[in-house]
Amino acid sequence: GVANCGEVRPVPGDDKSVIVGCIGAYGDQGARGGLFKVTVDGAGKPKLTQAFRMAEHEGAANTTGNLAALGGEIVIAAAAGHIDPKTMKADENDRLFKVDLASGEQTELHQSAGAFSIGVPAFDSAAGVLLVPDAGSTDRPEYGVHRFKVSDKRVVEHDAFIEVAPDTTLAARQVLAL
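Residues numbered from 1 in each chain as written. Predicted model: local features only at pLDDT ≥ 70, side-chain atom pairs only at ≥ 80, totals over all residues. Heavy atoms only, no water.

Asks: I tried to follow the sheet that holds strand S4 (residues 46-53) on my own but got confused; where do I start?
Replies: One key point about sheets: their strands pair by backbone hydrogen bonds, in either a parallel or an antiparallel sense. Here four strands make up an open sheet; going across it, the order is S1-S2-S3-S4 and the pairing antiparallel. The sheet is open, and its two borders are formed by strand S1 (5-11) and S4, each paired with just one other strand. Strand-to-strand twist in this sheet, taken as the mean axis angle between neighbours without regard to direction, amounts to 25°. Bridge count for S1 against strand S2 (residues 14-23) is six bridges, and the pairing is antiparallel. Paired with Pro10 across the bridge in S2 is Val18. (Pairing = 2+ DSSP bridges. Helix = DSSP H or I, 4+ residues; strand = E, 2+ residues; numbered from the N terminus. Axes fitted to C-alpha atoms, helices over the stretch in contact; angles between N-to-C directions.)

As structure tokens, this is what we get:
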């Protein structure tokens, strides 16, 4: 089974499937955590059709949150960094990945300047645009959103960083489609 599933995202071009992000259970070493594609069959019953279980991918980044589905089995997800409790500075930065649920391949797309700084992304499949909020770090704050172009074959390329209200010192944390 799976445990502590906190995010559900629709799969573009597939009105019967969603991507689910689960952090797993304390002490299970990722056995019940990962990224999962769930499809509803003709009888209305959900079925797990693809799984990227953390425990099955030794050394993989923990990409179980801040998700956006690009279509098919391709998911965008963030691996949270870490803050040293003594210095209160990031000793590991957030990283953004493209994850192929079918092959298990993770491709790093971006590394933030801080920990817990990459927010919840949004993907517009019609425009081929992925927007990812990034707060940077306390030493180097960023106030804006990274824009990535996504091709029909789901190739993802960084396009620009767009500042959002830098004078407010309120970092973008989530992007939603309207």
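Structure shown, so let's carry the discussion forward.
Asks: What should I look at first to understand the nonpolar core in this one?
Replies: For soluble globular proteins, the rule of thumb is that nonpolar side chains tend to be buried together. Judged by nonpolar contacts, the single largest core of 14 residues is most densely connected at Ile19, Leu35, Phe52, Leu67, Val75, Val99 and Leu101. The leading source of residues in this core is strand S6 (residues 74-79), at three residues. In contact with Leu35, other than residues within four places in its own chain, are Val20, Gly21, Gln50, Ala51, Phe52, Thr63, Thr64, Leu67, Val75, Ala77, Val99 and Leu101. Leu70, Ile76, Ile118 and Val150 belong to the second largest nonpolar core, which has 13 residues in total. (Core = buried A, V, L, I, M, F, W, Y, C linked by side-chain atoms within 4.5 Å. Buried < 20%, exposed > 50% of the residue type's maximum accessible area, 1.4 Å probe, protein only. Contact = heavy atoms within 4.5 Å.)

Asks: Whenever I open this one, the pairing of strand S10 (residues 106-111) confuses me. Can you help?
Replies: Sheet faces and side chains relate simply in a regular strand, where the side chains alternate between the two faces. Pairing analysis gives five bridges linking strand S9 (residues 95-100) to S10, with the strands arranged antiparallel. Within S10, the position partnered with Lys98 by the bridge is Thr107. Connecting S9 to the antiparallel partner S10 that follows it, the hairpin turn spans five residues, and Gly104 within it adopts a positive phi of roughly 85°.

Asks: Honestly, the pairing of S6 in this entry has me stumped. Any pointers?
Replies: The buried fraction of S6 amounts to six of the six residues, a majority that puts the element mostly inside the structure. Where burial is concerned, the two faces of S6 agree: the one with Ile74, Ile76 and Ala78 and the one with Val75, Ala77 and Ala79 are both buried. Pairing of strand S5 (residues 65-71) with S6, which is carried by four bridges, proceeds in the antiparallel orientation. The residue bridging Gly71 from the neighbouring strand is Ile74, located in S6.

Asks: Explain unusual backbone geometry here, please?
Replies: Peptide bonds are trans in most cases, and residues, glycine excluded, mostly fall at negative phi. Of note in the backbone geometry, Phe116 takes a positive phi value of approximately 55° without being a glycine. Looking at the secondary structure, you find Phe116 in the loop between S10 and strand S11 (122-124). The phi dihedral of Arg154 falls on the positive side, at around 65°, and the residue is not glycine. Here Arg154 is to be found in the loop between strand S13 (141-150) and strand S14 (156-163). What makes Arg154 partly exposed here is its relative accessible area of 27%.

Asks: What's the story with the side chain of Ser112 in this structure? I'm lost.
Replies: For Ser112, the location among the structural elements is in the loop between S10 and S11. Only 2.6 Å separates the side chain of Ser112 from the side chain of Ser117, close enough to count as a polar contact. Contact partners of Ser112, with chain neighbours within four places excluded, come to Asn93, Asp94, Ser117, Ile118, Asp134 and Gly136. (Polar contact = N/O pair within 3.5 Å; in protein donor to acceptor, adjacent residues only side chain to side chain.)

Asks: I'm lost on the state of the cysteines in this one. Help?
Replies: By definition, a disulfide is the covalent link that joins the sulfur atoms of two cysteine residues. All told, the structure shown has one disulfide when counted by the stated rule. Across the disulfide, Cys5 is cross-linked to Cys22 (sulfur-sulfur distance 2.0 Å). Its S-S torsion of about 95° marks the bond between Cys5 and Cys22 as right-handed, since a negative value means left-handed. Remark: Cys22 occurs in strand S2 and Cys5 occurs in strand S1; sequence separation between them is 17 residues. With a relative accessible area of 38%, Cys5 lands in the partly exposed category. (Disulfide = S-S within 2.5 Å.)

Asks: Would you mind going over the side chain of Glu7 with me for this structure?
Replies: Among the structural elements, Glu7 can be located in strand S1. Judged by relative accessible area, which is 13%, Glu7 ranks as buried. Within polar-contact distance, the side chain of Glu7 engages the side chain of Arg9 at 2.7 Å. Not counting residues up to four positions away in its chain, the partners in contact with Glu7 are Ile19, Val20, Gly21, Gly65, Asn66 and Leu67.

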